[in-house]
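# A structural walkthrough
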Amino acid sequence: MSQFFGSIGRGLRGKKPDKPKPSPLLSASGNSGNGGASGSSGNSGNSGGSFIPISGNLMPGSPSGPRITQKPLFLCKPFVTSQLVKGSFSTIVVLPRYVDQGEWLALNLFEFFDMLNKFYGVVQEFCTPQACPSMSAGPGLDYSWLDANKKPLRLPATTYIEYVLQWISNRINDESIFPTKANPATTSTDGGFPQNFYVTCKAIYKQMFRVFAHIYHTHFAKIVHMSLEAHFNSFFAHFIHFARAFELLERRDIEPLRSLIDSFEEQGLFKDNERSREQ
Ligand SMILES: [Zn+2]
């Protein structure tokens, strides 16, 4: 499966015009050092450096499109039941025996990020400021970006996602958060990860979820058009299963895709089976 995704990614990568431009907002929002995501204030809800959701995460009254009253496409059959594999993802989610949890979180986070980047690459050409004037996650739900002065900004989804991907990329390339070398100074129990590691992971997952939510709510037809719905659903189910297993997403954060997650639950994708426990 990863080989397949890899080839998609590479193919589309070549077509991508350029890398995200450095953003003045990013550099202004504590990108270096501790930043907002480290949660030094203990306010992990406001994670993500500059993106603090306003009024419980979502801004009502999106002008980005007509109110959709029918079921979103991703909840319709056969798409909602389209999966690469039948059965639970437990075997690839549960912490393998004798493996450091920090390492397991870091490795999976890298992979989810890499794959999400590729999936966004697939729909990116359709995610224009005209098509997506806001970072929408369904009718009436828009994420706002907070600028350096914590002022909420309504950005086109493409800009918002570009900032998010760059922000995550900066985090995971930060040796102080995601060390690539064993640190002899640390004890064997903490795996060499810093104190704020878990909070940073949560902040990253929260932002990754928003990208999923935008793709599902706005670009799912393109995913179907390319016959990628089974891949995307499986990828999302894996992501959610992992986040649930390690409590990386808050209940309120997953609201925009709650119905889809419930459906996956009913399909048994999150079942905690005996075999996975044994590994
Ligand atoms: Zn879009």
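Here we summarise the structure given alongside this text. (Residues numbered from 1 in each chain as written. Predicted model: local features only at pLDDT ≥ 70, side-chain atom pairs only at ≥ 80, totals over all residues. Heavy atoms only, no water.)

### Side note on the coordination of the zinc ion
We count it as follows: Donors, by definition, are the N, O and S atoms found within 2.8 Å of a metal, the threshold being 3.2 Å for Na, K and Ca, and water is not counted, so a site can look incomplete. Think of it this way: with four donors and all angles in the 85 to 135 degree range, the site is tetrahedral; with four or six donors, opposite ones beyond 155 degrees and the rest between 65 and 115, it is square planar or octahedral; otherwise it is irregular. Helix and strand assignments come from DSSP, with helices taken as H or I runs of at least 4 residues and strands as E runs of at least 2, each series counted from the N terminus. Categorising residues by exposure relies on relative accessible area from a 1.4 Å probe, with only protein chains included: less than 20% of the type maximum marks a residue as buried, more than 50% marks it as exposed, and the intermediate range marks it as partly exposed.
Taken together, Cys-127 (SG), Cys-132 (SG), His-214 (NE2) and His-219 (NE2) make up the protein donors of the zinc ion, found 2.0 to 2.3 Å from the metal. One can describe the donor arrangement at the zinc ion as tetrahedral, given that its 4 donor atoms subtend angles of 103 to 116° at the metal. Sequence spacing among the residues donating to the zinc ion works out to C-x4-C-x81-H-x4-H. Of this pair, Cys-127 sits in the loop between helix H4 (101-123) and strand S1 (135-136) while His-214 sits in helix H6 (residues 197-225), and the two are 87 residues apart along the sequence. Using a relative accessible area of 0% as the deciding quantity, one classes His-214 as buried.

### Here we look at the nonpolar core
Selection rule: We define the nonpolar core as a collection of buried residues of types Ala, Val, Leu, Ile, Met, Phe, Trp, Tyr and Cys that are connected through side-chain atoms lying within 4.5 Å of one another. When checking whether two residues touch, look at their non-hydrogen atoms; a contact exists if any pair is within 4.5 Å.
Of all hydrophobic cores here, the largest spans 71 residues; its most connected members are Tyr-205, Met-208, Phe-209, Phe-236 and Phe-239. Counting only elements with at least two residues in this core, the list comes to H4, helix H5 (157-172), H6, helix H7 (229-245) and helix H8 (258-266). The element that contributes the greatest number of residues to this core is H6, accounting for 15 residues. Not counting the four nearest positions on each side in its chain, Phe-239 is found in contact with Phe-112, Tyr-205, Met-208, Phe-209, Phe-212 and Leu-249.

### Topic: the pattern of salt bridges
Put simply, the test is: Throughout this description, the term salt bridge denotes a Lys or Arg side-chain nitrogen within 4 Å of a carboxyl oxygen of Asp or Glu.
Counted by the stated rule, this structure contains 5 salt bridges. For Arg-154, the salt bridge is made with Asp-142, and the minimal N-O distance between the two is 3.4 Å. One end of the pair, Arg-154, is in the loop between strand S4 (152-153) and H5; the other, Asp-142, is in strand S2 (residues 142-143), with 12 residues separating them in the sequence. Arg-154 gets classed as partly exposed once you look at its relative accessible area, which sits at 35%. You can call Asp-142 buried: its relative accessible area is 0%. Put simply, Glu-250 and Lys-202 hold a salt bridge, and the shortest N to O gap is 2.5 Å. Separated by 48 residues along the polypeptide, Glu-250 in the loop between H7 and H8 and Lys-202 in helix H6 bring together distant segments of the chain. What makes Lys-202 buried here is its relative accessible area of 16%.

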